[in-house]
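Listed below, chain by chain, are the residues.
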Amino acid sequence: MSAPNPLPTSLSRCPLCGAANQCAIAAGRPPESCWCMVQPIAPAALAVVPESQRGQVCICPACGAMPADTQ
């Protein structure tokens, strides 16, 4: 039996930290208005999204931020 995910499972919450993910789609706005369309997302951040939540929820800008030395 796997351990329960302590973070809320919500389309508006980041699966990594639980903060608001600021997802435009989850908020009912056009996808092109989302922060992720203009900010690069760190591949390492996407890699740690729980497999069961990949393609289902969005990470927040803070968790998705590229390290300063790669921008």
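Residues numbered from 1 in each chain as written. Predicted model: local features only at pLDDT ≥ 70, side-chain atom pairs only at ≥ 80, totals over all residues. Heavy atoms only, no water.

Q: It is not clear to me how the environment of proline 31 should be interpreted in this structure. Could you clarify?
A: If you trace the backbone, proline 31 turns up in the segment before helix 1 (43–47). Each residue touching proline 31, except ones within four places of it in the same chain, is listed here: Ile25 and Met37. (Helix = DSSP H or I, 4+ residues; strand = E, 2+ residues; numbered from the N terminus. Contact = heavy atoms within 4.5 Å.)

Q: How do you make sense of the nonpolar core when you look at a structure like this?
A: The tendency in soluble globular proteins is for nonpolar side chains to be buried as a group. With six residues, the main nonpolar core is built from Cys14, Ala42, Ala45, Val49, Ile59 and Cys60. Excluding its chain neighbours within four sequence positions, the residues that come into contact with valine 49 are Pro15, Leu16, Arg54 and Ile59. (Core = buried A, V, L, I, M, F, W, Y, C linked by side-chain atoms within 4.5 Å. Buried < 20%, exposed > 50% of the residue type's maximum accessible area, 1.4 Å probe, protein only.)

Q: I tried to follow the layout of surface pockets on my own but got confused; where do I start?
A: The gaps of empty space that remain are located by a probe, the size of a water molecule, rolled over the atoms. By volume, the largest pocket is sized at about 150 Å³. What lines the largest pocket is a set of 14 residues, among which Ile41, Leu46, Val57, Cys58 and Ile59 lie closest to the centre. Split by residue class, the lining of the largest pocket holds 10 nonpolar, three polar and one charged. (1 Å grid on protein atoms, 1.4 Å probe; cavity = no way out; pocket = protein on both sides within 12 Å on 5 of 7 lines; lining within 4 Å. Points joined across faces, edges and corners; volume = space filled by probe spheres on them. Nonpolar A, V, L, I, M, F, W, Y, C, P; charged D, E, K, R; others polar.)

The values are spatial; any link to function lies outside them.
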